[in-house]
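# An overview of the molecular structure
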Amino acid sequence: MVCRAGGNADQGTSVFTTGNWPASRALASYASNPERSRGRRHPEPRPRGRDEFQRDRDRIVHSTAFRRLVYKTQVFVNHEGDLFRTRLTHTLEVAQLARSIARGLGLHEDLVEAIALAHDLGHTPFGHAGQDALNACMRAHGGFEHNLQSLRVVDELEQRYPGFDGLNLSFESREGILKHCSRADAHGLTLREPDGPAARFLDGTRPSLEAQLANVADEMAYNAHDIDDGVRSGLLSMDSLIDVSVVRRHHAAVLHDHPGLAARRLLFEVLRRMLAEQVHDVIDSTATRLEELAPTSADAARQLPAAVGFSDQLAGEVAALKRVLMRELYRHPQVVETTDAAREVVRQLFAAYLGDPKQMPADYAARDNRHRAIADYIAGMTDRYATREYRRLTGREPFGAPTPAVT
Ligand code: MG
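Residues numbered from 1 in each chain as written. Predicted model: local features only at pLDDT ≥ 70, side-chain atom pairs only at ≥ 80, totals over all residues. Heavy atoms only, no water.

### Quick word on the overall build of the chain
The secondary structure content of the chain amounts to 19 helices and 2 strands. Dimensions of the chain, computed from C-alpha atoms along their principal axes, come out at roughly 65 × 60 × 45 Å. Across the 407 residues of the chain, 53% fall into the buried class. The long-range share in the chain, meaning contacts at least 24 apart out of those at least 6 apart in sequence, stands at 70%. (Helix = DSSP H or I, 4+ residues; strand = E, 2+ residues; numbered from the N terminus. Buried < 20%, exposed > 50% of the residue type's maximum accessible area, 1.4 Å probe, protein only. Contact = heavy atoms within 4.5 Å.)

### Some points on the coordination of the magnesium ion
Donor atoms from the polypeptide that coordinate the magnesium ion comprise His90 (NE2), His119 (NE2), Asp120 (OD) and Asp218 (OD), at 2.1 to 2.6 Å from the metal. All donors of the magnesium ion come from a single chain, and their spacing in sequence reads H-x28-H-D-x97-D. (Donors = N, O, S within 2.8 Å, 3.2 Å for Na, K, Ca; no water.)

### Let's talk about helix H4 (residues 109-118)
With 10 of its 10 residues buried, H4 lies for the most part within the structure. Taken together, the buried positions of H4 are Glu109, Asp110, Leu111, Val112, Glu113, Ala114, Ile115, Ala116, Leu117 and Ala118. Residues of H4 that are buried in the fold lie against helix H1 (52-61), helix H2 (64-68), helix H3 (87-105), helix H6 (146-157), helix H7 (171-177) and helix H10 (209-233).

### Quick look at the packing of aromatic side chains
Tallying each qualifying case throughout the model produces 4 aromatic pairs. Between the aromatic rings of Tyr161 and Phe164, the centroid separation amounts to 5.1 Å while the plane-to-plane angle is 25°, which identifies the pairing as stacked. Summarising the aromatic geometry, the rings of Tyr364 and Tyr377 are spaced 5.0 Å apart at their centres and angled 45° between planes, so their arrangement reads as tilted. Of this pair, Tyr364 sits in helix H17 (residues 362-365) while Tyr377 sits in helix H18 (residues 370-379); the two residues are 13 residues apart in sequence, bridging distant segments of the chain. There is no split in this pair, since Tyr364 and Tyr377 are both buried. Every member of this aromatic cluster is reached through a ring pair, and the members are Tyr353, Tyr364 and Tyr377. When the ring centre of Tyr161 is taken as origin, the NZ or CZ atom of Arg59, which lies over that ring, is 4.9 Å away. Note that Arg384 overlies the ring of Tyr71, its terminal NZ or CZ placed 3.6 Å from the centroid. (Phe/Tyr/Trp six-rings, centres within 6.5 Å; stacked < 30°, edge-to-face > 60°. Lys NZ or Arg CZ within 6 Å of the ring centre and 35° of its normal.)

### Some words on the side chain of Arg302
Among the secondary structure elements, Arg302 is positioned in helix H14 (residues 298-303). Of the polar contacts made by the side chain of Arg302, one reaches the side chain of Glu175; its length is 2.8 Å. Non-local contacts of Arg302, meaning those with residues more than four positions away in its chain, are made with Arg38, Phe171, Glu172, Glu175, Thr205, Arg206, Pro207 and Ser208. (Polar contact = N/O pair within 3.5 Å; in protein donor to acceptor, adjacent residues only side chain to side chain.)

### Looking at the nonpolar core
In this structure, Ile60, Leu121, Val247 and Leu321 are the most contacted members of the largest nonpolar core, which totals 78 residues. When near neighbours in sequence (up to four residues on either side) are disregarded, Leu321 contacts Asn223, Ile227, Leu241, Val244, Val246, Val247 and Met274. Among the nonpolar cores identified, the runner-up in size contains 25 residues, and Ala133, Val346, Tyr377 and Ala379 belong to it. (Core = buried A, V, L, I, M, F, W, Y, C linked by side-chain atoms within 4.5 Å.)

### Quick look at the confidence of the model for the chain
Considering every residue of the chain, the mean pLDDT works out to 91; 92% of them sit at 70 or more. Confidence drops under a pLDDT of 50 for residues 1-24, and excluding neighbours within four residues, the segment shows 43 contacts in the predicted structure. (pLDDT = per-residue confidence, 0-100.)

### Side note on the side chain of Asp281
For Asp281, the position within the fold is in helix H13 (residues 263-293). Despite its burial, Asp281 pairs with no opposite charge; the closest candidate is Arg289, at 6.6 Å N-O. Excluding residues within four positions of it along the chain, Asp281 makes contact with Thr286, Gly309, Phe310, Ser311 and Leu314. (Lys, Arg positive; Asp, Glu negative; His and termini not counted. Salt bridge = Lys/Arg side-chain N within 4 Å of Asp/Glu carboxyl O.)

### Here's the deal with the pattern of salt bridges
Where charged atoms from two side chains of opposite charge come close, those side chains can pair. In the structure shown here, the tally under the stated rule is 41 salt bridges. For the salt bridge of Arg57 with Glu113, the shortest nitrogen-to-oxygen distance reads 2.6 Å. Linking Arg57 in helix H1 with Glu113 in helix H4, this pair joins segments that are 56 residues apart in sequence. The residues Arg57 and Glu113 share a single accessibility class, namely buried. With a closest N to O distance of 2.9 Å, Glu93 and Arg85 form a salt bridge.

As structure tokens, then:
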């Protein structure tokens, strides 16, 4: 059963008439439908020439926080090499994978893209090390968590519209952005917005299928690109990865098809086949689950068990791969050394702004909740801005002498 995506009804005399605008795509009955969106916190006229989820996607791309992703760490701190993923290139890879799978399943591509493009907006500089340090600084003041911060960015911190703070995204995009939330945080958020995106963490329902998909695509993207970056950096060896069945299988198949292929071409072909297998596996196993669960609408899917994901076999293999990446790459002494330095930068910046708020821009310095203002300010920094601020405020060099870039 399919229903049609809307979005053309309000175009009036716009140049975007149905005559020269692409026909609406067929959406599955369980897809999020912009015509039935739960709406925006601040009501707005319907968009012309695009639907509500396209408008969300476009607002995210034009936001300041989105541009900052280019100089934020994924795993390797930004100055370590020009070819490693940053939050921005990671984000684009997530969006690409998510769109491909959405098309295969009849889900709303623009919604899944909006969620993917926004999913890391709340990340601090220096990746998880930055978040851990900021969370420790905020322990007695409500903590810091990057998913909550992503929602704060799109709800409050972006200031570019005359009538409201934030980007005023639709409920469906906000629901996807709030991927995780503790019960304590969910209680706080639902006090302010009873039917908001945190309510599902209290009532035990699932997010939309598009939100579930963006989450799976995130995992697929970083598992693949962290192998690429890990090997490129010299910290991860193919020998350590070959123990993992999903790598071993494709490695053998590539060498069978291309005897003698070596080095980066071999690695890229293994990664390409791994990703293709995962895309097809998620499409096939999700389609099977959806056939069994038979949700008749996006809301019906929220009441059912999570449907988007790998087959049991591939889920097990991917989990094994993650364990190897954790052991060999994320906990590699050289990565840990850099992340320890990054934590120190965040701690020292926090202390410096707490001691002298005037070191921050006036609008942050003037806020009543000083700790949250500092957290928002630091979370918004790029790696290189945070590094510059650290130099300015402490006179010290955070990561020792700059290392030559690996290319
Ligand atoms: Mg991510």
